[in-house]
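Geometric and topological summary
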Amino acid sequence: MNYFRLIACVSLCGSTVWSGAKPIEESRPNLLMISIDDMNDWVGFMNGHPNTKTPHMDRLAAQGTVFMNAHTASPHCGPSRTALWSGLRPSSTGVYAHINDENLVKTPAGQGIFLSNWFENNGYKTIGKGKLFHHWAPDGAFMEFDGTRETPRFGPKPAKRFKWDTKGTGTDWGVYPERDEDMPDIQAAEWAVEQLKQKHDEPFFLAVGFVLPHVPWYAPQKWFDLHPLDSIETPPYLKGDQDDVPPMARKVAEMLHMPTADWAKESGEWKQIVQAYLATISMVDHCVGMVLDELERSGYAENTVVVLWSDHGYHLGEKNRFAKQSLWERATRTPLIFTAPGFKGGQATQGPASLMDLYPTLLELCGLPANPKNEGVSLVPLMRDPQLEWAHPAITTYGENNHAVRSQRYRYIRYEDGSEELYDSQNDPNEWKNLADNPEYAEIKKGLKQSLPKINQPWSPYSYLRCNEYFTAKSPPDKK
Ligand SMILES: [Ca+2]
């Protein structure tokens, strides 16, 4: 390599991220992480639903890069969050479903170094509150964590459920309680605001996790008023949509104790459910706004990386179900925004991204050394050039050896029994036509298959299911 090429490589491959006048390693930006539970793409910046109102998240999107084609590592709180914080795939750790924080450390996922600990080991002050891991956070994951294992996870509940009273799920919807102040997400936002008011002598990693719009879909009246019932549109629905999927797909996605779209249509509740989901999203958007307003007031904004993510998507009647827990687009697609000093705002990329990629991306954005164990890839090149051809499909895993591979255009699913689905996401965004048996797509399928994980660890004995009858002889019993 000649001298000039060497210089070019150093400037392109070395301290490539700049914060203002200083290279990123010197400026040591702070990190603000905002996580949201069960929020699908019904946010303004993803245009996922015509009735949604999310001005504050849209404001953040206008300041950063939106990953329009971002997907969870697993469509369930426990395994999604485990993968994100550990940087390891579910298929590498055996954490395929729920896991209690105290058990997480007994699995391969807990024997690595969590994202927050990597920051701590590199001189950051790490502070957190709210739903970050499956419950709150395992002991030691943050230097300071507000809350204990006993802190209730969800908000106040009415003495009697309003609409849905089936065992094994918190699902219900309606106006409750009366005051915002009684909602845990408001309290979490207030806590984050307080942290941003403090003077921090060292760079901080501040993480706040909101629990809405996880069920139950309860919020005060004013959030429902933003979404009048007669204006509500229900999502696209095709009767018999599951007729062309393999039996294994139906087994994986089958939910016990949850409404179906057929039920919701018959009972007249569909619009009410959609309204309640949108109301809880608007309320959590307000909480995000509280934090962003303080970030702007605080003086930290110019030297702070912000990431906002939700742990997976959610079906609101599509494919006749109201649930996460499927390998279809509705359950895997998730909002993901990064803003960082020195990067353009108001841009979006269609390059596939995984929540597994958060770990390496945040290390690069903050100028920290990479963790060689990370199985995701840094998304910083897509933040620099959103049009970049991106060769890393997003992999979603649910249960042992059930995977979805999402490229820029296609979704390929392969289940543990070898059965398959294939969708052309560009021409069939609702995934109504399974192309897996169409010989015209044989080559495309073959290409996508190359990205299936090569390792499929047996199910961890600490990871357990709830709410759906499990679909494989290998899975452990419900330990609830
Ligand atoms: Ca969740």
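Residues numbered from 1 in each chain as written. Predicted model: local features only at pLDDT ≥ 70, side-chain atom pairs only at ≥ 80, totals over all residues.

1. Quick word on unusual backbone geometry
Between L212 and the following residue, P213, the backbone shows a cis peptide bond with an omega angle of 5°. As for its position among the elements, P213 is in the loop between β10 (204-210) and β11 (217-219). With an omega of -5°, the peptide bond between V215 and P216 qualifies as cis. In this fold, P216 is placed in the loop between β10 and β11. In this structure, K319 is a non-glycine residue whose phi angle is positive, near 55°. Examined against the element boundaries, K319 turns out to sit in the loop between β13 (315-316) and β14 (322-323). Take K319: there are 24 C-beta atoms within 10 Å of it, and that puts it in the buried class. Of note, E431 is a non-glycine position whose phi angle comes to about 55°, a positive value. Take E431: it is sitting in the loop between β21 (420-424) and α16 (442-449). (Helix = DSSP H or I, 4+ residues; strand = E, 2+ residues; numbered from the N terminus. Buried ≥ 20, exposed ≤ 12 C-beta atoms within 10 Å, placed from the backbone.)

2. Structural notes on the pairing of strand β7 (residues 125-130)
For β7, the buried fraction is high: five of the six residues fall into the buried class. Sheet topology note: the β7/β10 ladder contains six bridges and is parallel. Across the sheet, I127 pairs through a bridge with L206, a residue of β10. Sheet analysis places β7 next to strand β8 (residues 144-146), joined by three bridges and oriented parallel. Note on β8: the bridge partner recorded for G128 is F145. (Pairing = 2+ DSSP bridges.)

3. Some details on helix α8 (residues 184-197)
The end-to-end C-alpha separation of α8 is 20 Å, in line with the 20 Å expected for 14 residues at 1.5 Å each. Among all positions of α8, only P184, D185, I186, A188, A189, A192, Q195 and L196 are buried. Taken together, the buried residues of α8 touch β7, β10 and α12 (270-298). (Expected span 1.5 Å × (residues − 1). Contact = placed C-beta atoms within 7 Å.)

4. A word on the confidence of the model for the protein
Looking at the protein, pLDDT values average 91 and 91% of them are 70 or higher. Counted against residues more than four places away or in other chains, residues 1-16, with its pLDDT under 50, gives four contacts. (pLDDT = per-residue confidence, 0-100.)

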